[in-house]
Amino acid sequence: MDKAAHLIEALPWLSRFHGRTVVVKYGGNAMISEELRVRFAESIVFLHYAGLRPVVVHGGGPQISAMLERSGVESTFAAGLRVTTDDAMDIVRMVLTGQVNREIVGLINQHGPFAVGMSGEDANLLYARRKRVEIDGESVDIGRVGEVSQVHPGAVSALLADGRIPVVSSVARADDGGVYNINADTAASALAVALGAGKLIMLTDVEGLFADYPANTELISRLNVDELQALLPSLSSGMLPKMEACLRAVEGGVPQAHIIDGRVPHSLLLEVFTDRGVGTMVADEELEAELLSGNGHHPRPWHPTHTNGTNSGESK
């Protein structure tokens, strides 16, 4: 009876999200624990069989750090982002697209011919311009690190229409003809907007967002855009990119964006299919109401745009 009750609890969420695209950012310790990797793949396949359309966007910080160390390349961070030299970029690209992406695809495909691996370079999915960060009031160059300037989601949309699960590594075509390392949180956010996703879910190494951590350990379960904007200046360098990505997604038309604990097996399913959910959710109340009532929503168009003002991405 307990199992039946849990299944029935999922029924309204199955109805509301059936056919919806859900973009999942995968990273952190969930990627380096064998058990958690297996559980993650199972959760993604469950979403697929339940009628949702999952898209996985992944980083690979621990694996990149390990490979850089083995290669004798120094690894440093600024404002929560990895400083990426030309030498480091070669390793980042190799690890993300050649190693981590293949491992995720393989785990998912143990359950059927679903996952198709690609990078942000493929089909010009992601374009990026060079990113600089501000530290102590000064603009700092952090190397081959980019911020998304254009999204061309046609290849991902085609894979979804064919019943596949796209698995995307967070590197992008660069405006100088090379490639850039992209923060996986921001890549997932941009892709969620371009695809008109119903949800963006980011797996992290924390339970969610706390108002005044470590002084306050009470989890914030829900925020609107205004509340999150007020909190941003007080966030740590590690949490800031994640919450900024949530903010950009919701401002771009994604009704709900979540930060959840990837260290908890099947936390993804707990978020999607239970009444209380887990972690911290950022929501646009109007879009969320349309989503939960079963009505379709029309996402705000992806931007930036081409210089002539036309939309560079696709809208749905």
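Residues numbered from 1 in each chain as written. Predicted model: local features only at pLDDT ≥ 70, side-chain atom pairs only at ≥ 80, totals over all residues. Heavy atoms only, no water.

Draft legend 1. Local environment of the environment of Val225. Locating Val225 in the fold gives a position in helix H7 (residues 225-231). For Val225, a relative accessible area of 16% corresponds to the buried category. Each C-alpha atom of the pair Val225 and Glu251 lies 7.6 Å from the other, and the pair is 26 residues apart in sequence. Sequence-distant contacts of Val225, defined by excluding residues within four places in its chain, comprise Leu247, Val250, Glu251 and Ala283. (Helix = DSSP H or I, 4+ residues; strand = E, 2+ residues; numbered from the N terminus. Buried < 20%, exposed > 50% of the residue type's maximum accessible area, 1.4 Å probe, protein only. Contact = heavy atoms within 4.5 Å.)

Draft legend 2. Representation of helix H6 (residues 184-195). Across its 12 residues, H6 extends 16 Å between first and last C-alpha, which sits within 8% of the 16 Å expected from 1.5 Å per residue. With 12 of its 12 residues buried, H6 lies for the most part within the structure. Every buried residue of H6 is listed here: Ala184, Asp185, Thr186, Ala187, Ala188, Ser189, Ala190, Leu191, Ala192, Val193, Ala194 and Leu195. At the N-terminal end of H6, a side-chain oxygen is found 2.9 Å from the backbone nitrogen of Asp185, two or three residues along, and the residue is Asn183. Positive phi appears at Gly196, one or two residues downstream of H6, with a value of about 65 degrees. (Expected span 1.5 Å × (residues − 1). Polar contact = N/O pair within 3.5 Å; in protein donor to acceptor, adjacent residues only side chain to side chain.)

Draft legend 3. Layout of the packing of aromatic side chains. Within the structure shown, the criterion is met by three aromatic pairs. Seen from their ring centres, Tyr26 and Phe40 are 3.7 Å apart, and the 5 degrees between their planes marks the pair as stacked. In this pair, Tyr26 is assigned in strand E1 (residues 21-26) and Phe40 in helix H2 (residues 34-49), connecting sequence segments 14 residues apart. Its relative accessible area of 2% is what places Tyr26 among the buried residues. Ring centres of Tyr49 and Phe114 lie 5.5 Å apart, and the angle between their planes is 90 degrees; on these two criteria the pair is classed as edge-to-face. Placement of the pair is Tyr49 in helix H2 and Phe114 in the loop between helix H4 (86-108) and strand E5 (115-120), with a sequence separation of 65 residues. (Phe/Tyr/Trp six-rings, centres within 6.5 Å; stacked < 30°, edge-to-face > 60°.)

Draft legend 4. Representation of the pairing of strand E7 (residues 138-151) within the structure. Sheet topology places strand E6 (residues 126-135) next to E7; nine bridges connect them, and they run antiparallel. Bridge pairing links Ala128 to Val148 in E7. Between the antiparallel neighbours E6 and E7 lie two residues, among them Asp136 with a positive phi of about 55 degrees. Strand direction decides the pairing type here: E7 and strand E9 (residues 179-182), joined by two bridges, are parallel. Each residue of the ladder has a partner; that of Gly146, found in E9, is Ile182. (Pairing = 2+ DSSP bridges.)

Draft legend 5. Structural detail: the packing of H2 against H4. Taken N-terminus to C-terminus, the directions of H2 and H4 make an angle of 60 degrees; their axes are 9 Å apart at the nearest point. As summarised for this structure, H2 and H4 are arranged oblique, according to the angle between their axes. The hand of the H2/H4 crossing is right-handed. Across the interface between the two elements, Arg37, Val38, Phe40, Ala41, Ile44 and Val45 from H2 touch Ile104, Leu107 and Ile108 from H4. Along the lines of polarity and charge, the residues of the contact of H2 with H4 split into eight nonpolar, no polar and one charged. (Axes fitted to C-alpha atoms, helices over the stretch in contact; angles between N-to-C directions. Parallel < 35°, antiparallel > 145°, perpendicular 65-115°, else oblique. Left-handed = near helix turned anticlockwise from the far one by under 90°. Nonpolar A, V, L, I, M, F, W, Y, C, P; charged D, E, K, R; others polar.)

Draft legend 6. Expanded view of the pairing of strand E15 (residues 280-283). Going residue by residue along E15, you find Thr280 and Val282 tucked away on one face and Met281 and Ala283 tucked away on the opposite face as well. Two strands pair when backbone bridges link them, and strand E13 (residues 222-224) and E15 are joined in this way by three bridges, in the parallel orientation. The partner of Asn224 across the bridge, within E15, is Ala283. Bridge analysis of strand E14 (residues 256-261) against E15 gives four bridges, and the strand direction is antiparallel. Within E15, the position partnered with Gln256 by the bridge is Ala283.

Draft legend 7. The confidence of the model for the protein, seen in detail. Across the protein, the average pLDDT comes to 84, with 88% of residues at or above 70. Under a pLDDT of 50 for its full length, residues 295-316 has, in the predicted model, 55 contacts with residues more than four places off or in other chains. (pLDDT = per-residue confidence, 0-100.)

Draft legend 8. Quick peek at the side chain of Ser119. Mapped onto the fold, Ser119 is located in strand E5. Classification of Ser119 as buried rests on a relative accessible area of 2%. A distance of 3.0 Å separates a polar atom in the side chain of Ser119 from the backbone nitrogen of Glu121. Setting aside anything within four residues of it in sequence, one finds Ser119 in contact with Thr97, Leu125, Val168, Ser169 and Val171.

Draft legend 9. Main features of the environment of Gly112. With respect to the helices, strands and loops of the structure, Gly112 is situated in the loop between H4 and E5. Classification of Gly112 as buried rests on a relative accessible area of 16%. Considered as a pair, Gly112 and Val45 are 67 residues apart in the sequence and their alpha carbons are 8.7 Å apart.

Draft legend 10. Quick peek at the packing of helix H3 (residues 61-70) against H4. The interhelical angle for the contact between H3 and H4, taken along N-to-C directions, is 130 degrees, at an axis separation of 10 Å. The angle between H3 and H4 places the two elements in the oblique class. The hand of the H3/H4 crossing is right-handed. Residues Gln63, Ile64, Met67 and Leu68 of H3 form the contact with H4, whose own contacting residues are Ala88, Ile91, Val92, Met94, Val95, Leu96, Gln99 and Val100. Counted by class, the contact of H3 with H4 contains 10 nonpolar, two polar and no charged residues.

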